[in-house]
Every structure is written in structure tokens, then in C-alpha cells.
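What follows is each chain in one-letter form.
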Amino acid sequence: EKFEITKEQQDFMNVILDAYNRHQIPPDVAKKLLQEQYSAEENFLLLTEMATSQVQVLVEFTKNIPGFLSLDHEDQIALLKGSAVEATFLRSAQAFSTKMPSGHTEVLEERIRKSGISEEFMTPMFNFYKSIGELHMVQEEQALLTAITIMTPDRPYVKDQQAVERLQEPMLDILRKLCALHHPGEPQYFARLLGRLTELRTLNHYHAEMLTSWRMNDYKFTPLLCEIWDVQ
Ligand SMILES: CC(C)c1onc(-c2c(Cl)cccc2Cl)c1COc1ccc(-c2ccc3[nH]c(C(=O)O)cc3c2)cc1
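Given the structure is predicted, the values throughout are model-derived calculations rather than measurements.

*Asks:* Just give me the short version of the layout of surface pockets, but keep the residues and values in it.
*Replies:* Approximately 430 Å³ is the volume attributed to the second largest pocket. Residue lining of the second largest pocket: 18 residues in total, with Lys81, Gly82, Ile228, Trp229 and Asp230 positioned closest to the centre. Of all the secondary structure elements, the ones that give two or more residues to the lining of the second largest pocket are helix 4 (73-99) and helix 9 (189-216). Among the elements that make up the lining of the second largest pocket, the one with the highest residue count is helix 4 (7 residues). Grouping the constituent residues of the lining of the second largest pocket by class yields 11 nonpolar, 3 polar and 4 charged.

*Asks:* Please set out the confidence of the model for the chain residue by residue, giving values where relevant.
*Replies:* With 97% of its residues at a pLDDT of at least 70, the chain reaches an overall mean of 93. Here the complex is predicted with pTM 0.94, and the ipTM for its interfaces comes to 0.96.

*Asks:* Explain empty space enclosed by the protein to me, and be specific about the residues and the numbers.
*Replies:* In this structure the tally under the stated criterion is 1 cavity of 30 Å³ or more. If you add up the space inside the largest cavity, you get close to 40 Å³. At 4 residues, the largest contribution of residues to the lining of the largest cavity is made by helix 3 (residues 40-63). Residue classes in the lining of the largest cavity are distributed as 5 nonpolar, 2 polar and 1 charged.

The rules we used
- Residues numbered from 1 in each chain as written.
- Predicted model: local features only at pLDDT ≥ 70, side-chain atom pairs only at ≥ 80, totals over all residues.
- Heavy atoms only, no water.
- 1 Å grid on protein atoms, 1.4 Å probe; cavity = no way out; pocket = protein on both sides within 12 Å on 5 of 7 lines; lining within 4 Å.
- Points joined across faces, edges and corners; volume = space filled by probe spheres on them.
- Helix = DSSP H or I, 4+ residues; strand = E, 2+ residues; numbered from the N terminus.
- Nonpolar A, V, L, I, M, F, W, Y, C, P; charged D, E, K, R; others polar.
- pLDDT = per-residue confidence, 0-100.

And the structure:
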């Protein structure tokens, strides 16, 4: 059956979902969003802490994607570096639209709007957050979409793209079936999800510009962010 999820696909899905739920930004870090001051510097520091924590979460989640640790080690790094910003947009978008206690959503938006990011990047960023929110993804879809984003074969410097394709394709097949299962009235839902992945790629470009403008204003990042984003 085209849409029936097999036993092994269900087992695979449980591994991804379990990893996704186990690796989250620690509540004490997320809680800081509510506590600290509101200056641009304080907001930037807080968001830097969130991004650093998010990258650590991303690395742990990625290590749990079946097959990832069997890839060439340099390709593992290339996939993490190539997907870090997109995976963080997805994760922070999902936090905006679903999980966060309502107070956090406004606070996170407020801090992002006042952290030295220029106006021109706000529109595409918050349009993306809105478009993810409107999809009302279930947890399995969120976890799988994040894993699919990480396992994108055509990232810069990936040597064995076929090996990555072989890991991404089965996840796309499960996602297609999940969309039919959870959104029966919307035959185009799977296509809409894939459209978000295309929108994510454009955000990489805006993010690179954001980094440049922060650096020009002498904002500092953590060593982990410098390494994964190739800055300084
Ligand atoms: C270095 C900092 C300033 C930075 O640079 N770019 C971005 C940046 C930006 Cl704004 C936008 C998108 C991507 C990046 Cl990568 C950021 C800030 O990045 C993050 C902002 C928020 C979150 C995040 C993720 C999950 C969450 N859950 C909860 C919760 O309360 O449950 C709060 C929360 C926050 C993670 C990274």
C-alpha cells in the first residue's frame, strides 16, 4: 500500500522522535528569555546562549539519526555546518508555534527584534515563523523534517552525496506517508512541507548577512558558533 507505514518505518520513526524529544534546549536556558534585561546587548547575549545551546542539541540529535555516524567523518561535519542555521530556524520556529509557554513566544520575538538585526531580515524571518506555525505539524513531522534538513546531500564540501541521499530518501518516504495519515484532507500537505525546506535555504543567505552586520558592530559569538558558522 502506497501510504501504509511499515513496521521498520515505524521503528525508524520512533528512534528519530525519541532523539528529538530527548535533545531540547534545557528549561533553565529557555527560562532566561523571561528573566534577563531588554537591552540590545542583553538580547544578543541571550540569543547567543540560545543558539549555542541549540547547536549542542542539534549535534546530539544528529548523532541519533540512523546511519549518520557511519558516514565519512568529514561529511558528518559538512552536513552539520551546512544545516545548523536551517535546523535552528526550524527548531525555533516550532518553539514559536507550538511548545513554548505563550509568554516565551512574545518574549523571544521581542528579543530577536531588538538584538542588532537589521529590519530587512525581520520580514523573511518572521514570515517563515508564521508559515511554519500555519502548518500545525505534528511532532513526528517536526522531528523528521529536521532530520531531512540535516541529511541534505548537496551541502558545500560533502564528498559522498549518494551516501547522504540513501539516508534522506527513506525519511522522505516516511514523511510522505505521515502527511497523508495526519492531514488526510490536504493532499498537498507534503508538498507544502517540502516548500518550507526551499524557503529555509533562502534564510541561510539572510543569516550570513546578519552575521556580517553583527561582526561589523563588534558583536562577539561563542567558540562553538564561530566554528559551526565559520566566523572569526
Ligand atoms: C548568535 C545569536 C544572536 C543568533 O544568531 N542567529 C540566530 C538565529 C535567529 Cl535570530 C533565528 C533563527 C536561527 C538563528 Cl541561528 C541567533 C539566535 O538563535 C536562536 C534563537 C532562539 C532559539 C530557540 C530555540 C528553541 C527554543 N525553545 C524555546 C522554549 O521556550 O521552549 C525557546 C527557544 C529558542 C535558538 C537559537
